[in-house]
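Examining the three-dimensional arrangement
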Amino acid sequence: NAVVSPQNLNSSYKTVVILYDLIPLLHPDSYLKTRHSKIWYKDRIKKLKQIDCILTISEYSKKIAKKHLNISEKKLFNISGAVDHGVFSFSKEVRRENFIFSVSGMDPRKNLGFLIKSFSQSVSLLKNDFKLIITCHISPEAVKQFRALMKNLNLKDEQVVFTGYITDEEMVEL
């Protein structure tokens, strides 16, 4: 939600930013609902175009920036997301419990309701004993809504676990 301002045009310093996505640009009806937010975002995009180098977190983000912002590929570099092998590494002491693990968010485009519906279908069709573990900042009201959906789908509370926010270290323990 923030873009650093480009340096003064007379500066010898170059400005580099990391671009995660352009979701508000692609879905303005969901993210830019007020005149103020539209003006604010348009200003950020204008400033982004003035940046000397843009590091994207995926090839997709790079492609979208090039296509929708008309930014030269010479300024765009995909650095990809990476795993911290100091925290996440293979261990022979692996839990043998079956689970599907989702690190997500409550943003509507993350579509957690669809994930839960899909999970319920897999349980029905495959007769599996998997658990669905959902990790994200989640309000008690949202958990209540998802529990109601689960009830309609004949899922038991213990089949879907909402951890709330957890640290990387806690994630490794799962």
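Only a predicted model underlies this, so the values are computations on that prediction, with no experimental measurement involved.

What counts and how
- Residues numbered from 1 in each chain as written.
- Predicted model: local features only at pLDDT ≥ 70, side-chain atom pairs only at ≥ 80, totals over all residues.
- Heavy atoms only, no water.
- Helix = DSSP H or I, 4+ residues; strand = E, 2+ residues; numbered from the N terminus.
- Buried < 20%, exposed > 50% of the residue type's maximum accessible area, 1.4 Å probe, protein only.
- Areas by Shrake-Rupley, 256 points an atom, 1.4 Å probe, with all protein chains shown as cover.
- Pairing = 2+ DSSP bridges.
- Axes fitted to C-alpha atoms, helices over the stretch in contact; angles between N-to-C directions.
- Phe/Tyr/Trp six-rings, centres within 6.5 Å; stacked < 30°, edge-to-face > 60°.
- Contact = heavy atoms within 4.5 Å.
- Expected span 1.5 Å × (residues − 1).
- Arc of directions from axis to C-beta.

1. What about the overall build of the protein chain?
Summing up its helical and strand segments, the protein chain has seven helices and six strands in all. Start at the N end of the protein chain and walk to the C end: the helices and strands fall as β-α-α-α-β-α-β-β-α-β-α-β-α. Put simply, the protein chain has 174 residues, and 29% of those count as buried. Of the roughly 12600 Å² that the protein chain leaves accessible, carbon and sulfur atoms contribute 53%.

2. What to know about the sheet that holds strand E1 (residues 16-19)
One open sheet holds the three strands; their spatial order is E1-E2-E3, and the pairing between them is parallel. Whereas interior strands pair on both sides, the edge strands pair on one side only; in this sheet they are E1 and strand E3 (76-78). In this sheet, adjacent strand axes meet at a mean angle of 25° when their direction is disregarded. Here E1 runs beside strand E2 (residues 53-56); their pairing, made up of four bridges, is parallel. Bridging from a neighbouring strand, Val16 pairs with Cys53 of E2.

3. Considering the packing of aromatic side chains
Describing an aromatic ring pair means giving the distance of the ring centres and the angle of the ring planes. The full count for this structure, using the stated rule, is two aromatic pairs. With centroids separated by 6.4 Å and ring planes inclined at 85°, the aromatic side chains of Phe99 and Phe101 adopt a geometry described as edge-to-face. Classification of Phe99 by relative accessible area gives partly exposed; the value is 27%. Assessed through its relative accessible area of 30%, Phe101 is described here as partly exposed. Plain terms: the ring middles of Phe146 and Phe162 are 5.9 Å apart, the flat faces sit at 15° to each other, and that makes the pair stacked. Residue Phe146 is located in helix H6 (residues 140-152), and its partner Phe162 is located in strand E6 (residues 160-162); the two are separated by 16 residues in the primary sequence. Taking the relative accessible area as the measure of exposure, Phe162 reaches 15% and is therefore buried.

4. Describing the sheet that holds E6
Ordered in space as E4-E5-E6, the three strands form an open sheet in which the pairing is parallel. Each of the sheet's edge strands pairs with one partner strand only, and the pair in question is strand E4 (99-103) and E6. Strand-to-strand twist of the sheet, defined as the mean angle between neighbouring strand axes without regard to direction, takes the value 15°. Bridge count between strand E5 (residues 131-135) and E6: three bridges; the pairing is parallel. Looking at E6, one finds that Leu132 is bridged to Val160. The sheet strands contacting helix H5 (residues 112-126) are E4, E5 and E6, and the helix crosses E5 at an angle near 170°.

5. A short note on helix H3 (residues 35-50)
With 16 residues, H3 extends 23 Å from end C-alpha to end C-alpha; this agrees with the ideal 22 Å at 1.5 Å per step. Regarding H3, the residues found buried are Ser37, Tyr41, Arg44, Ile45 and Leu48. Within H3, the buried residues cover an arc of 100° as seen down the axis, which keeps them to one side. Exposed side chains of H3 directed beyond 90 degrees from the buried face belong to Arg35, His36, Lys42 and Lys46.

6. Some words on unusual backbone geometry
The backbone phi angle of Asn70 is positive, close to 55°, even though this residue is not glycine. Looking at the secondary structure, you find Asn70 in the loop between helix H4 (59-69) and E3. What makes Asn70 exposed here is its relative accessible area of 70%. For Asn154, which is not glycine, the phi torsion reads 60° and is therefore positive. Within the secondary structure, Asn154 sits in the loop between H6 and E6.

Shape is all these values report; function is a separate question.
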